[in-house]
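# Structural characterization, general
In case you want the letters, here they are:
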Amino acid sequence: MQGYLNHFLGNMDIVNSQEVCKFLEVSMLSFSPEYGPKLKEDFVMVKHLPKLPKNDSSRKCCSCRLFNCCNDNWQKVWAVLKPGFLAFLSDPFDTQPLDIIVFDVLPASDGNGDGRVSLAKEIKDRNPLRHAFKVACGSRSIKLRVKSSSKVKDWVASINDAGLRPPEGWCHPHRFGSFAPPRGLTEDGSQAQWFVDGRAAFEAIASAIEDAKSEIFICGWWLCPELYMRRPFHTHASAKLDFLLEAKAREGVQIYILLYKEVALALKINSVYSKRKLLGIHENVRVLRYPDHFSSGVYFWSHHEKLVIVDYQICFLGGLDLCFGRYDTAEHKVGDCPPNIWPGKDYYNPRESEPNSWEDTMKDELDRGKYPRMPWHDVHCAIWGPPCRDVARHFVQRWNYAKRNKAPNEQTIPLLMPQHHMVIPHYMGRTSDVEIENKNASDSKSITRHDSFLSRSSYQDIPLLIPQEPDGLNESPRPNGVDFPHCLDQPSRGGKNCAFPFRKTKIEPVGPDTPMRGFVDDFDSLDLHGKLASDGVAHPAIKNIDPEWWETQERGDKGGLTDESGQVGPCCSCRCQVIRSVSQWSAGTSQVEDSIHSAYCSLIDKAEHFIYIENQFFISGLSGDEIIRNRVLEALFRRIMRAYNDKKCFRVIIVIPLVPGFQGGLDDAGAASVRAVMHWQYRTICRGHSSILHNLYELLGPKTHDYISFYGLRAYGKLFDGGPVASSQVYVHSKIMIVDDCTTLIGSANINDRSLLGSRDSEIAILIEDKELVSSYMGGKPWKAGKFSLSLRLSLWSEHLGVQAGEMDQIIDPTVDTTYKDIWMATAKTNTTIYQDVFSCVPNDFIHSRAAFRQSIAFWKEKVGHTTIDLGIAPKSLESYQNGDVNKGDPMERLESIKGHLVSFPLDFMLKEDLRPVFNESEYYASPQVFH
C-alpha cells in the first residue's frame, strides 16, 4: 500500500486533479503556510450567500431524488478551517473566498444556565435528512448543513478547538481583555523601533512601501494622497504618497485602504476627494470609507487608527496620519517662506484656518508672511513579527466588516483572509548564509516556513499535495510573492538606502521556549520592570547591553537614517501585545473591547518609580465620577497616594497641547468646541472636586507638585528673513506612556472617553515591554532600564529640553531632584517666562476671564499692528525698564535664552469662566460626550 501511494502521489497529473483533491479534502489553501496549518476541509451547504452558478447537480444538500427536501436557497460550497478563520470557497481550486468568518471573542451566553459558549453548536432538526450546525462569531451567525450527524460533530469540535486553542486562541481571553496574546515570550522575531516626529516616520514608511512585494494595508482618520513623504519637496517629486502607491500597484502589489467617512458638517478632511483620487491611481488600489452614518446611526464616533502594514512583515502605528500638517522635525519650525518644506496646504495651522477645500493642494491656505504654521509633535513606531500579523488581523477584520456593509456585491472589492505565519519565501534570492542563519533560529516556530509555496504562485506548476522546490525559481521571483526583505539590511535596489534599520535576519535563541498558557490566562501578571543592578538578578531572556549604548547606538550601520537629532530609535527585541478599542459598530465584534484602557490602568498601578505621558487630550475621571467613565485619573491618584503613604519618591509628568487644535480665538463665538474641550481638561486637572490636583492638594498640600505636574510645548522663529518673529504652540499629538524606562505604550488612543471606552472611537496601540536591558539610574541608584523605552524617553526629553547628545547623563535619571526640579521644571519655568515677556501669548496664567482676554487682545493688536489668533507675533522692539529709563531691545536676543520647547501648562487660564457651551451656541445642543 505504501508503495502504491508513493507511486500514485508521485504522478503530478493525478495529484492535481479535482477528483483526488476533493477525495482527500485538500484545496488551494491547504498548504499555504501564511494561513496556518491544514485543519478541516469539506463541502458544506449554506444559504446566506448570493446565487452561485450550478454546473452540476452536486450543489444539492443530499442525494434524495424522491422529493425536494432542499429549497433553492441552499448551496454547496467548500469550507476551509484554519486556526484563525473559517472560509467558504465556491470550489477547492478557488483562492478568493465567497465569505469568511474571522474568529473573534466568543458570543454572549445564550442564557441556558450552563454558562457554556462556543463558536459552533449543533442544531437539532425534526427532519432526519437534515444535519446542521451554527457558527456564531462577532455579530454574525451562520447556519450550515452537512451530510451526516457525525460530520456535524466533527465540524463543531474542530471549529471550537481552532478558535480556543493556544497560543493564539483567538476566542480565548487574553491579558487586558485584548483580542491578541502577548508576543515575544520566546524568540519569535517580535521587534519594535520608534520614530519621533513626522520626518523620521514618513521616510521609514516610504521606504517600506517602496519595498512592498505583495500587499499594502493602510488605515487612517485622514489621508492626503498628495502628501510628500520626503522633503524638501522640490527634490523629492516622486516621493508623493500617490506616486509611491501607483508605482507599487503597477508592479502588481495589492493595496487596500480604509478611510474614516466623516460627518461632513463637523469635519473638513474630505475623504470623498481622497477616495476618488486614490481609486484613480490603479485598479489594484481598493478603497472603502466607513461608516455610513444614516444606516448605522453612528454620528459622534470616528475610526481613529493610523496604520500602514506592508507584506504582513512590518507594521507602522502610532499618532501620525498620512496627511497634511504632520511632517515635522525636532526643530519645529514656525515658518517656511518661500515654500521649501511644507507646500501649499501642508503649511497648516488649524488654529488660524481650516481649508474649506482640499482639491487645490498646492495653493496656500495661509499667508506665510503673516501667520506661523502650527508645529506638530508626534510619536510613531514600527513592529515586526507576530505583533505585526496581529495588527494585520485587526485590519482584515475591519476591512471585511466594512466590505459587507458598504459593498457586499461588489466583485472588485474582495474579502481578505488573515495570515497566520510570517511568510519568508526560501526561493526569492536568499543566500545560503541567510538560510543557514535562519535554520539556526528555528526555535521561532511562528516564522519557520516549511517547504511549501505561496497561494499567489502559479498553481499549475505547483503540486498541492507534495510541495517541492521547482527548478529555476531562485532566478525569477514571482511579482506578487512576499519577498524576504534582504534589502532591509542592505542598500535597496535603486541605490537608495533604507530609511531606517529594520529587523536583523539572524535571531539568537535564548533559552528554551516559554509556555504560553500561564501567561495569557493571567490578567494581572505583567513583568514590567528592570531590576536594580544591586540585585544581581537577571531575567533569563534578557540581554545586557553595553552601558555606553546611547552614544554609540547603531543608527546608520544598517543602511539607516543617520539622524543626529535622535529621531529614529534602535531596533529592539521585545515582549509586546497589540491592544485596541473596538465594538460592534466599528469592527463587528460581539463584545466591546477596551484593552487600551485596561492596559493604561494596569501599567499605572504597577509603576515603581515614574510615569511619563504625552497625549493630545487628558480627560479622565476619579472613582464615582458618573460623567467621565475612563479611570486613568483614578489609577494615577491611587498610585501617587500609595507613594506618599509609603514615603517614596514617585513622579508623574504629563505633556499635552496648550490649546485644543480647533479653529477660532478662545473668545470667538464660533470657538465653543475649543472652550468645551478646555472645560473637560481643566475639570480633570485642577478645577472642581473631580480634578486630581484639587484632591491631592487636600491631602498632600504643596508637596503635590513633587508627584505630578503638567506641561506643554512652544516654538518660535522668524516667518522669513527680515520678517516678524512669531510663536506657536507645538501641537502635542503623540499618544504614549513610558513607565519606569522599561515599558512603553504607543498608539492612536487619546486619554478620554472617546478613545478608551471601546464603544466609541476605534483605536489601536501596542504595549512594548523591553527585553534588552541597559545600564541606567533610577532614584539615584543603578537601574536596568529597557533599551527601547529609555532611548525613546531620552530622545523626547532632549528635544523638549534642548539637551545635546553628549549631555544625556544629565537627564538619565528621571526622578532625582537634579533632573526633575533643576532641569525639567526649571527649564519649563524659564521658557514660559521668556515667551510671556516677548509675546504675551495665550493661554497664560495671567488671564482669568474672557473680559481680560479681550482687553489683552485689543492691547496687543494696537501695539503690534497684527497678531495671530493666539497672540503669536512679537513687537519689533522689546521694551524694558531700568532705573526709570525705557530700554528697547531685539526680541530675538531675549528668545535666545530659551532651551528646547518645554513650557508650563497654564493651570489658571480662564480660571473665573465656565467654559461649557451656552444656550445660544450650537454645541450646547450636542451631546457632551462629543467633547470628552
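## What to know about the environment of Pro782
Along the chain, the position of Pro782 falls in strand β28 (residues 781-786). We classify Pro782 as partly exposed; its relative accessible area is 40%. Measuring from C-alpha to C-alpha, the distance between Pro782 and Asp813 comes to 9.4 Å, with 31 residues separating the pair along the chain.

## Focus: the pattern of salt bridges
Under the definition given, this model contains 35 salt bridges. Between Glu122 and Lys153 there is a salt bridge; the shortest N-O distance is 3.8 Å. Here Lys153 lies in helix α4 (residues 149-164) and Glu122 lies in strand β5 (residues 120-123), a separation of 31 residues in the sequence. With a relative accessible area of 48%, Lys153 lands in the partly exposed category. A salt bridge links Glu246 to Arg250; its shortest N-O distance comes to 2.9 Å. Highlighted residues: Glu246 and Arg250, both in helix α6 (residues 241-250), separated by four residues, approximately one helical turn. Taking relative accessible area as the criterion, Glu246 reaches 24% and is therefore assigned partly exposed. Looking at Arg250, the relative accessible area reads 59%, which means it is exposed.

## Section: empty space enclosed by the protein
Considering all chains together, one arrives at 11 cavities of 30 Å³ or more under this definition. Each pocket or cavity is described by its volume, and for the largest cavity that value is around 170 Å³. Lining the largest cavity are 15 residues, with Val102, Arg140, Gln397, Arg404 and Gly588 sitting closest to its centre. When contributions to the lining of the largest cavity are tallied by element, the ones reaching two or more residues are β4 (99-102) and α9 (386-406).

## Some points on the confidence of the model for the protein chain
Regions with low pLDDT should not have their predicted coordinates read in detail. For the protein chain, per-residue confidence averages 83 on the pLDDT scale, and 80% of positions sit at 70 or higher. Residue range residues 423-525 is modelled with pLDDT below 50. Its contacts to residues more than four positions away, or to other chains, number 237 contacts. Ignoring residues within four places in sequence, the model shows residues 534-542, a span with pLDDT below 50, making eight contacts including any to other chains.

## Comments concerning the environment of Ser32
Mapped onto the elements, Ser32 comes out in the loop between α3 (18-23) and β1 (41-46). When its relative accessible area of 1% is taken as the criterion, Ser32 is described as buried. Spatially, the C-alpha atom of Ser32 lies 9.8 Å from that of His420, the residues being 388 residues apart in sequence. A distance of 3.2 Å separates a polar side-chain atom of Ser32 from the backbone oxygen of Met28.

## As for the packing of aromatic side chains
This structure, assessed with the given rule, holds 27 aromatic pairs. Pairwise contacts between aromatic rings join Phe217, Tyr256, Tyr312, Phe395 and Trp399 into one cluster. Positioned above the aromatic ring of Trp170 is the side chain of Arg393, whose terminal nitrogen or guanidinium carbon lies 3.9 Å from the ring centre. The residue whose ring lies beneath Lys863 is Trp860, and the NZ or CZ to ring-centre distance is 5.1 Å.

## Looking at helix α15 (residues 632-645)
Taking 1.5 Å per residue, 14 residues should reach 20 Å; α15 reaches 20 Å between its end C-alpha atoms and fits that length. For α15, a buried count of 10 out of 14 residues is recorded, marking the element as mostly surrounded by other parts of the structure. Buried within α15 are the following residues: Val632, Leu633, Glu634, Ala635, Leu636, Phe637, Arg639, Ile640, Met641 and Ala643. Of the residues one or two after α15, Lys647 is the one with positive phi, at around 55°.

## Comments concerning the packing of helix α20 (residues 787-801) against helix α21 (residues 817-839)
Put simply, α20 and α21 touch, their axes get as near as 10 Å, and they point 50° apart. Taken as axis vectors, α20 and α21 run oblique relative to one another. Only Thr819, Ile823, Trp824 and Thr827 of α21 make contact with α20, whose side of the interface consists of Trp797, His800 and Leu801. Among the residues forming the contact of α20 with α21, the class breakdown is four nonpolar, three polar and no charged.

## A closer look at the pairing of strand β9 (residues 215-220)
Most of β9 is tucked away: six of the six residues are buried. Burial along β9 is two-sided: the residues Glu215, Phe217 and Cys219 and Ile216, Ile218 and Gly220 are all buried. Alignment of β9 against strand β12 (residues 307-310), held across four bridges, turns out to be antiparallel. Bridge pairing in β12 places Phe217 opposite Ile309.

## With respect to the sheet that holds β5
Reading across the sheet, the seven strands line up as β4-β3-β2-β1-β7-β6-β5 and stay open at both edges, with antiparallel pairing between neighbours. Where the open sheet ends on each side, the last strands, each with one partner, are β4 and β5. Averaged over all pairs of adjacent strands, the angle between their axes in this sheet comes to 35°, without regard to strand direction. Sheet analysis places β1 next to strand β2 (residues 75-82), joined by six bridges and oriented antiparallel. The residue of β2 that forms the bridge with Asp42 is Ala79. The sheet contacts of α4 involve β1, β2, β3 (85-89), β5, β6 (131-137) and β7 (140-146), and relative to β6 the element is tilted by about 15°. Its contacts with the sheet place α9 against β4 and β7, and it is angled at close to 135° to β4.

Definitions and cut-offs
- Residues numbered from 1 in each chain as written.
- Predicted model: local features only at pLDDT ≥ 70, side-chain atom pairs only at ≥ 80, totals over all residues.
- Heavy atoms only, no water.
- Helix = DSSP H or I, 4+ residues; strand = E, 2+ residues; numbered from the N terminus.
- Buried < 20%, exposed > 50% of the residue type's maximum accessible area, 1.4 Å probe, protein only.
- Salt bridge = Lys/Arg side-chain N within 4 Å of Asp/Glu carboxyl O.
- 1 Å grid on protein atoms, 1.4 Å probe; cavity = no way out; pocket = protein on both sides within 12 Å on 5 of 7 lines; lining within 4 Å.
- Points joined across faces, edges and corners; volume = space filled by probe spheres on them.
- pLDDT = per-residue confidence, 0-100.
- Contact = heavy atoms within 4.5 Å.
- Polar contact = N/O pair within 3.5 Å; in protein donor to acceptor, adjacent residues only side chain to side chain.
- Phe/Tyr/Trp six-rings, centres within 6.5 Å; stacked < 30°, edge-to-face > 60°.
- Lys NZ or Arg CZ within 6 Å of the ring centre and 35° of its normal.
- Expected span 1.5 Å × (residues − 1).
- Axes fitted to C-alpha atoms, helices over the stretch in contact; angles between N-to-C directions.
- Parallel < 35°, antiparallel > 145°, perpendicular 65-115°, else oblique.
- Nonpolar A, V, L, I, M, F, W, Y, C, P; charged D, E, K, R; others polar.
- Pairing = 2+ DSSP bridges.

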